[in-house]
There are 2 protein chains.
Amino acid sequence: MTRVLVVDDEPQILRALRINLRARRYDVEVAADGANALRLAASHRPDLVVLDLGLPDMDGVEVIRGLRGWTRVPIIVLSGRAGSQDKVAALDAGADDYVTKPFGVDELLARIRAVTRRAVGAGEEVPAVRIGRHTVDLAAHAVRADDEREVRLTPTEWHLLEILVRNPGRLVSQRQLLHEVWGPQYQSETNYLRQYLAQLRRKLEDDPARPRHLLTEPGMGYRFQP
Amino acid sequence: MTRVLVVDDEPQILRALRINLRARRYDVEVAADGANALRLAASHRPDLVVLDLGLPDMDGVEVIRGLRGWTRVPIIVLSGRAGSQDKVAALDAGADDYVTKPFGVDELLARIRAVTRRAVGAGEEVPAVRIGRHTVDLAAHAVRADDEREVRLTPTEWHLLEILVRNPGRLVSQRQLLHEVWGPQYQSETNYLRQYLAQLRRKLEDDPARPRHLLTEPGMGYRFQP
DNA sequence: TTGGCGCGTCAAGGCGGCGTCAAGAACCGG
DNA sequence: CCGGTTCTTGACGCCGCCTTGACGCGCCAA
């Protein structure tokens, strides 16, 4: 059964969605604010998140980022704001769809079917990989050495490592890395990549001079080798 | 570069989308009716289809079904019809997103990024090809020998190999290879091709002196034989 | 038979890209 | 306001990739 996490602060919408989704044989969890949403998502691992952007405690886009830090679960955004800026921000933060209130329940259900249909086969991921003597736990956003010592990574280092780890064995182009970490206007500043890859190797690889997991493909990009 | 097929019968919309997408470095093909859309999709294998539902020759939902019969390429529907029924029908036929006209270009671009982002690594077909004792994985940009050893290719070698492999069994002319790899101003520098084909054979063929997969067609071009 | 063309092969040089170090700028918490 | 961390920018040596030239061979036509 498909598990859905519905995040909204308006009780009547929460109730309406719960009833409709339960009737369609979905397994429904609900949260009324961002903090609870992130907590529930981590503990219950839903197959889909329906997220209202107008939450009392934090910005909806921040919730998206919080989820995207460790999971690729489909996210459908509900919002009263129909502005182009809001849509672009939410979608680029990692949302899969954006529905403007007021919305038809039929339409929302169809969009739910659309995103979940595509998600099957994407497969559950293993958010814990090993690099040298270290374990990278994407879900916990932490790196532990074998001797229990924590390794600290800066935000940029995390962002970079995350992209590479999410594409195990695959080459990731320099352009793609620059785009995703520094923004679309960066595309030739490869010195950034050299700098941060060196940092990551220093912190993670057994022999930073001879990386075995964070590999350079000269002229093309970088590759994480499990 | 991401290939986009835009299907619309209104020339001004076609033109606006083509300009905007080209400016964002998308490779754009256009079609004005459903029959041409299906034909172009089959021959050019786009990474994304933007489809107007109001076509002169056939119903848009039929186009979606025609595509879904053989490909999981992401489909974004454009439509002037805002009715719930139309949205549900298109989405359930296999569309990934539904945008109502008039739409903001920024929003459409964001939705394009959203669906393509999800598509990478998901439903992609697995273009893994064998040459001699080696497996060429185009998606991962990697070559593995049967004994698990990685074979490293330079960017130019990759570029060349990719063109040949994407045209299995077909003759690719020297001019086309030079154009695509070195640029339009190169057309007679066949020594480059000799040089790099020899490299590829050395790295991939069992007996580089007697290639069985990377074949020369004297005076014309080269051919990849699966 | 002989010449020419096209292809495969080898070798050498230039140069761009990569890893590295270092220092200044920007940012954040106290 | 200050100290520490993080990010940005510049410089430099070196390795490897791209380019280029030269040579031999086989095929075809004259």
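Structure first, text after, so check above.
Since this is a predicted model, take the numbers as computed values, not measurements.

> Would you mind going over the protein's contact with DNA strand C in detail, with residue names and values included?
The environment of DNA strand C is made up of 19 residues, and the closest members are Arg194(A), Thr216(A), Arg194(B), Thr216(B) and Gly219(B). Sugar plus phosphate: this is where 50% of the atoms of DNA strand C within 4 Å of the protein reside. Here a base nitrogen of DNA strand C and a side-chain polar atom of Arg194(B) are 2.8 Å apart. Between DNA strand C and Thr216(B) there is a distance of 2.6 Å, counted from a phosphate oxygen to a side-chain nitrogen or oxygen. Counting only elements with at least two residues in the surface near DNA strand C, the list comes to helix H8 (190-204) of chain A together with helix H8 (190-204) of chain B. If you tally residues by element for the surface near DNA strand C, the top one is H8(B), at five residues. The residue inventory of the surface near DNA strand C, partitioned by class, reads five nonpolar, eight polar and six charged.

> Please provide a residue-by-residue account of the protein's contact with DNA strand D, values included.
Within the structure, DNA strand D sits among 18 residues, and Thr156(A), Tyr192(A), Thr156(B), Trp182(B) and Tyr192(B) are positioned closest to it. Backbone sugar and phosphate groups make up 82% of those atoms of DNA strand D lying within 4 Å of the protein. Here a phosphate oxygen of DNA strand D and a side-chain polar atom of Thr156(B) are 2.3 Å apart. The separation between a phosphate oxygen of DNA strand D and a polar side-chain atom of Trp182(B) is 2.7 Å. Elements with a contribution of two residues or more to the surface near DNA strand D: helix H6 (155-165) and H8 of chain A together with helix H6 (155-165) and H8 of chain B. Considering every element that reaches the surface near DNA strand D, the biggest residue donor is H8(A), with five residues. Of the residues belonging to the surface near DNA strand D, the class tally is eight nonpolar, seven polar and three charged.

> Give a description of the sheet that holds strand S6 (residues 128-131) of chain A that names residues and reports values.
Residues and elements named next belong to chain A. Across the sheet, four strands lie side by side as S6-S7-S8-S9; this open sheet has antiparallel pairing. A strand with exactly one partner marks an edge of an open sheet, and here the two such strands are S6 and strand S9 (150-151). Bridge count between S6 and strand S7 (residues 134-137): four bridges; the pairing is antiparallel. Bridge pairing links Val129 to Val136 in S7. Along the sheet face, H6 touches S6, S7 and strand S8 (142-145) and points at about 90 degrees away from the line of S7.

Definitions and cut-offs
- Residues numbered from 1 in each chain as written.
- Chains lettered and ligands numbered in written order.
- Predicted model: local features only at pLDDT ≥ 70, side-chain atom pairs only at ≥ 80, totals over all residues.
- Heavy atoms only, no water.
- Near = heavy atom within 4 Å.
- Polar contact = N/O pair within 3.5 Å; in protein donor to acceptor, adjacent residues only side chain to side chain.
- Helix = DSSP H or I, 4+ residues; strand = E, 2+ residues; numbered from the N terminus.
- Nonpolar A, V, L, I, M, F, W, Y, C, P; charged D, E, K, R; others polar.
- Pairing = 2+ DSSP bridges.
- Contact = heavy atoms within 4.5 Å.
- Axes fitted to C-alpha atoms, helices over the stretch in contact; angles between N-to-C directions.

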